[in-house]
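Overview (structure and organization)
What follows is each chain in one-letter form.
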Amino acid sequence: MHVVKAMAAYLKWPLHEESNPEYKGGDSIVWGLIRGSPAVLEATKAAGCNYYQLDNGYFGRNAYYRFTKNAFQQTELKDRKPDRWEHIKKQHNLELKQWKKDGNKVLFCLSTEHLYKFLGMDIGLYRLKTLKKLKAATTREVVVREKDAVGPIEDALKDAWCVVTHTSAVALDALRFGVPVFTTGLNAADPCALKDVTYIDSPIYPEREPLFWSLSYSQWLPEELQLGRGWEEVNA
């Protein structure tokens, strides 16, 4: 929660650290979808005000934190310079690997049940419907990866033909490892993804660099948030 404190310090807004805080009016900033955040978000929207959300970064996680306005992820491709991505990439030993075109499994990655509930979805129904579409569209094996799956995602991606997910940041992990993606919901990977899983055997292999340049300017270190970098960017 130190990133929330950083934003409160910059804006000089009151900080509410209790669970299930009461909406006090005006714009609001919340962390993730826990401790009553969904209720605050809904009340903020109902009041016609802006909500801002802080959450784990798109990459370089546990160091960088994403900050969005009236959205859970940035899905727009913004025209940004490569400098920040190059810095983060070097700092965290990241790279964009060459596209893989020889995988044999479709990796279907799920999020937590409470996320689907917040989106007005039933995780069981979503799973069944998506699996039905996938099995009708391909003869490749479909592997379901739960949110709490054991083992690093890169191991699961080694023999993946593509990744299918709704809003999970695993889509960005897949893009970094050269695995094409299909996103069924609003996702930061959308500019490099297909939405229709009936095309599962014909994924796209777009230029990925501009997406990572863009997202690098949508996630921040706590000290950058305290200096107003994130606030200035989303309100530019």
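Look a little higher up for the structure.
Note that the coordinates shown come from a computational prediction; the quantities given were computed from them, not determined experimentally.

Counting residues in hydrophobic clusters, the biggest one holds 30 residues, and the most contacted among them are F59, L157, V163, L172, L175, V181 and F212. Where this core is concerned, the elements lending two or more residues are helix 3 (83–91), strand 4 (105–109), helix 6 (153–157), strand 6 (160–165), helix 7 (170–176) and helix 8 (209–216). Top element by residues in this core is helix 7. It accounts for 5 residues. With residues near it in sequence (within four places) discarded, L175 still touches W99, V181, A189, C192, R208, L211 and F212. Within the second largest apolar cluster, 16 residues are counted, among which are V4, I29, L54 and W231.

Another aspect to go through is the sheet that holds strand 7 (residues 181–183). Spatially, 5 strands are ordered 5-4-6-7-8 in an open sheet, and the strand pairing comes out parallel. What marks the edges here is a single partner per strand, and that holds for strand 5 (141–145) and strand 8 (193–194). Alignment of strand 7 against strand 8, held across 2 bridges, turns out to be parallel. Considered in strand 8, the bridge of F182 is made with L194. Along the sheet, helix 5 (residues 123–137) contacts strand 4, strand 5 and strand 6; its crossing angle with strand 4, the most-contacted strand, is approximately 165°.

Looking at helix 8, one finds that the buried residues are L211, F212, S214, L215 and S216. Buried residues belonging to helix 8 abut helix 3, helix 7 and strand 9 (219–220).

Computed from the structure, the largest pocket encloses a volume of approximately 990 Å³. What lines the largest pocket is a set of 36 residues, among which R66, K147, T167, S168 and A169 lie closest to the centre. Elements that contribute at least two residues to the lining of the largest pocket include exactly strand 2 (51–56), helix 4 (113–118) and helix 7. If one sorts the elements of the lining of the largest pocket by residue count, strand 2 sits on top with 4 residues. Classifying every residue of the lining of the largest pocket by side-chain character gives 16 nonpolar, 13 polar and 7 charged.

Once that is clear, we can look at the pairing of strand 1 (residues 28–31). On strand 1, burial covers both faces: S28 and V30 on one face and I29 and W31 on the other are all buried. As judged from the 4 bridges shared by strand 1 and strand 2, these two strands associate in the parallel manner. Across the sheet, the residue bridging to W31 is L54, located in strand 2.

Right, let's get into the side chain of T183. Its location among the elements puts T183 in strand 7. One polar contact links T183 to D190, side chain to side chain, over a distance of 2.6 Å. Within polar-contact distance, the side chain of T183 engages the side chain of K195 at 3.0 Å. In this structure, T183 is in contact with T165, H166, A171, A189, D190, A193, L194 and K195, ignoring residues within four places of it in sequence.

What follows is about the environment of F182. Relative to the assigned elements, F182 resides in strand 7. Between the alpha carbons of F182 and K100 there is a distance of 15 Å; along the sequence they are 82 residues apart. In contact with F182, not counting residues within four places along its chain, are C162, V163, V164, T165, L194, D196, V197, Y199, I200 and P203.

This brings us to the packing of aromatic side chains. Summed over the entire model, instances satisfying the criterion amount to 12 aromatic pairs. On the numbers, 5.7 Å between centres and 80° between planes, the contact of W13 with W231 is edge-to-face. Placement of W13 in the loop between helix 1 (2–11) and strand 1 and of W231 in helix 10 (residues 229–234) is noted, with a sequence separation of 218 residues between them. Of the residues examined, W13 reaches a relative accessible area of 30% and is grouped as partly exposed.

Two quantities define a packed helix pair, namely the angle between the helix axes and the distance between the axes. For the pair helix 3 and helix 8, the least separation of the axes is 7 Å and the interaxial angle reads 90°. Taken together, the axes of helix 3 and helix 8 lie roughly perpendicular to each other. Between helix 3 and helix 8, the residues in contact are R84, W85 and I88 and F212, W213 and S216, respectively. Here the residues of the contact of helix 3 with helix 8 sort into 4 nonpolar, 1 polar and 1 charged.

Quick notes on the rules
- Residues numbered from 1 in each chain as written.
- Predicted model: local features only at pLDDT ≥ 70, side-chain atom pairs only at ≥ 80, totals over all residues.
- Heavy atoms only, no water.
- Core = buried A, V, L, I, M, F, W, Y, C linked by side-chain atoms within 4.5 Å.
- Buried < 20%, exposed > 50% of the residue type's maximum accessible area, 1.4 Å probe, protein only.
- Helix = DSSP H or I, 4+ residues; strand = E, 2+ residues; numbered from the N terminus.
- Contact = heavy atoms within 4.5 Å.
- Pairing = 2+ DSSP bridges.
- Axes fitted to C-alpha atoms, helices over the stretch in contact; angles between N-to-C directions.
- 1 Å grid on protein atoms, 1.4 Å probe; cavity = no way out; pocket = protein on both sides within 12 Å on 5 of 7 lines; lining within 4 Å.
- Points joined across faces, edges and corners; volume = space filled by probe spheres on them.
- Nonpolar A, V, L, I, M, F, W, Y, C, P; charged D, E, K, R; others polar.
- Polar contact = N/O pair within 3.5 Å; in protein donor to acceptor, adjacent residues only side chain to side chain.
- Phe/Tyr/Trp six-rings, centres within 6.5 Å; stacked < 30°, edge-to-face > 60°.
- Parallel < 35°, antiparallel > 145°, perpendicular 65-115°, else oblique.

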